[in-house]
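Reading the structure
Chain by chain, the residues run as shown.
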Amino acid sequence: GGAGGQTGQFGDEDEQMQANTKNLMNAVSSLPELTERKRVIDKHTNIATALLKEIKERQIDNFCAVEEELFAGKADKSQVLKAISMPSGLLSDKLRLVATWVLTAETLPSPQEFEEIEQVLKGSGAD
């Protein structure tokens, strides 16, 4: 009986070794997939970081907030002028905001209002 017990113990260690070896082989075989997943996640993280940087630098969130208020009828020319007078934002951001203002205004802005907007835009590099 005693020797049989010994063999059983070694058998358990053998099974454990085989299980460990199998786990290690599985881990090694999944490395390429994990590496690829990490690469994809890193790529998405880099894109998101670049987008966030651009949004912050151009303060796109501020332009969008004024546009939303224009759509809701809560913003007017003064808020548009304030936003387009800021140094942040590209000319295209400012033109989009002005277009939104014109399209959402109850009545077509007066020639004087257009002149005022035009002067501010020229200061931002519009021609």
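The notes below deal with the structure included here. Fair warning: this is a prediction, and the values are worked out from it, not measured in the lab. (Residues numbered from 1 in each chain as written. Predicted model: local features only at pLDDT ≥ 70, side-chain atom pairs only at ≥ 80, totals over all residues. Heavy atoms only, no water.)

Topic: a negative patch on the surface
- Negative charge collects at one region of the surface, where Asp12, Glu13, Asp14 and Glu15 lie side by side.
- Here Asp14 shows up in helix H1 (residues 2–58). (Patch = residues over 30% accessible without salt bridge, like charges linked within 9 Å, V, L, I, M, F, W, Y side chains within 5 Å. Areas by Shrake-Rupley, 256 points an atom, 1.4 Å probe, with all protein chains shown as cover. Salt bridge = Lys/Arg side-chain N within 4 Å of Asp/Glu carboxyl O. Lys, Arg positive; Asp, Glu negative; His and termini not counted. Charge placed at Lys NZ, Arg CZ, Asp CG, Glu CD. Helix = DSSP H or I, 4+ residues; strand = E, 2+ residues; numbered from the N terminus.)

Observations concerning helix H2 (residues 60–71)
- For H2, which comprises 12 residues, the first-to-last C-alpha distance of 16 Å matches the rise-based estimate of 16 Å (1.5 Å per residue) to within 8%.
- Residues of H2 that are buried include every one of Ile60, Phe63, Val66, Glu67 and Leu70, and no others. Considered in projection along H2, the buried side chains sweep an arc of 125 degrees and stay on one side of the axis.
- Looking one or two residues past H2, Gly73 carries a phi angle of roughly 75 degrees, positive in sign. (Expected span 1.5 Å × (residues − 1). Buried < 20%, exposed > 50% of the residue type's maximum accessible area, 1.4 Å probe, protein only. Arc of directions from axis to C-beta.)

Here's the deal with the packing of helix H3 (residues 77–85) against helix H4 (residues 91–104)
- Remark: H3 packs on H4, axes separated minimally by 10 Å, with the N-to-C direction vectors making an angle of 175 degrees. Relative to H4, the element H3 is oriented roughly antiparallel. Taken together, the residues of H4 that come into contact with H3 (itself represented by Lys77, Val80, Ala83 and Ile84) are Lys94, Leu97, Val98 and Trp101.
- Of the residues contributing to the contact of H3 with H4, the split by class is six nonpolar, no polar and two charged. (Axes fitted to C-alpha atoms, helices over the stretch in contact; angles between N-to-C directions. Parallel < 35°, antiparallel > 145°, perpendicular 65-115°, else oblique. Contact = heavy atoms within 4.5 Å. Nonpolar A, V, L, I, M, F, W, Y, C, P; charged D, E, K, R; others polar.)

Considerations on the pattern of salt bridges
- For the coordinates displayed, the defined rule picks out 10 salt bridges.
- One salt bridge connects Arg58 with Glu54, and the closest N-O pair in it is separated by 3.4 Å. Within this pair, Arg58 and its partner Glu54 are both found in helix H1, separated by four residues, close to a single helical turn.
- A relative accessible area of 18% means that Arg58 is categorised as buried.
- Accessibility expressed as a relative area gives 36% for Glu54, which makes it partly exposed.
- The salt bridge partner of Lys77 is Glu116, with a shortest N-O separation of 2.8 Å. Here Lys77 is found in helix H3, whereas its partner Glu116 is found in helix H5 (residues 111–123), with 39 residues between them in sequence.

What about unusual backbone geometry?
- Its identity is not glycine, yet Gln59 carries a phi of approximately 55 degrees, on the positive side.
- Inspection of the secondary structure assignment puts Gln59 in the loop between H1 and H2.
- Residue classification places Gln59 among the partly exposed positions, given a relative accessible area of 30%.

In short, the description is geometric, and any link to function would need to be established separately.
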